[in-house]
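# Architecture at a glance
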Amino acid sequence: MSDEEHHFESKADAGASKTYPQQAGTIRKNGYIVIKARPCKVVEVSTSKTGKHGHAKCHFVAIDIFNGKKLEDIVPSSHNCDVPHVNRTDYQLIDISEDGFVSLLTENGGTKDDLRLPTDEALLTQIKDGFAEGKDLIVTVMSAMGEEQICALKDIGPKN
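Residues numbered from 1 in each chain as written. Predicted model: local features only at pLDDT ≥ 70, side-chain atom pairs only at ≥ 80, totals over all residues. Heavy atoms only, no water.

### Examining the overall build of the chain
When helices and strands are counted, the chain shows one helix and eleven strands. Each helix and strand of the chain, ordered N terminal to C terminal, gives the series β-β-β-β-β-β-β-β-β-α-β-β. Here the chain, with 160 residues, has 32% of them falling under the buried criterion. Here the chain displays about 10600 Å² of accessible surface, and carbon together with sulfur accounts for 49% of that area. (Helix = DSSP H or I, 4+ residues; strand = E, 2+ residues; numbered from the N terminus. Buried < 20%, exposed > 50% of the residue type's maximum accessible area, 1.4 Å probe, protein only. Areas by Shrake-Rupley, 256 points an atom, 1.4 Å probe, with all protein chains shown as cover.)

This is the structure in structure tokens:
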């Protein structure tokens, strides 16, 4: 054995996987699935019968949870699909900067400043109008596979 010490440069995160495997036949409507490396919400599932040679197939129609694009995939029902870990977190809105980023208050009192305003026009105007009126706003942030986006808004009344 050598006396040299080996140093490994680790570029990995804490080892928490962005997805987990789930059998295609068990994924239902309103569940989540990864199609073309994008986290999606399933809007339609149809299963075909087994053919002369083989597997029943599941046909998934899903919508990307971040950009709203419709994606489709066909997978044998006995095979595993990747399912994204999707988390929703509520933050209080503190400020909106001129360059389109928001400043959010976390539960432990810190701030989160790395999120952009949503691209959804209706939600964007609701946030801007509510903030301009001085209301206390709670935004819901959805995160999956290393991406985050504001997906909902709650008004908890005027600032005191």
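### Quick notes on helix H1 (residues 121-132)
Think of an α-helix as turning once every 3.6 residues; residues three or four places apart then point the same way. Between its terminal C-alpha atoms H1 stretches 16 Å, which fits the 16 Å expected from twelve residues at 1.5 Å a residue. Along H1, the positions that sit buried rather than exposed are Leu123, Leu124, Ile127 and Gly130. Summarising the axial view, the buried residues of H1 lie within an arc of 145°, below the 170-degree limit, and thus occupy one face. Of the residues in H1, the exposed ones pointing more than 90 degrees away from the buried face are Glu121 and Ala132. A positive phi of about 80° marks Gly134, the residue just after H1. (Expected span 1.5 Å × (residues − 1). Arc of directions from axis to C-beta.)

### Describing the pairing of strand E10 (residues 135-144)
The buried count for E10 comes to nine of ten residues, which makes it a mostly enclosed element. Bridge count between strand E7 (residues 87-96) and E10: six bridges; the pairing is antiparallel. Following the sheet pairing, Tyr91 is matched in E10 by Val139. (Pairing = 2+ DSSP bridges.)

Taken by themselves, the reported measurements are silent on function.
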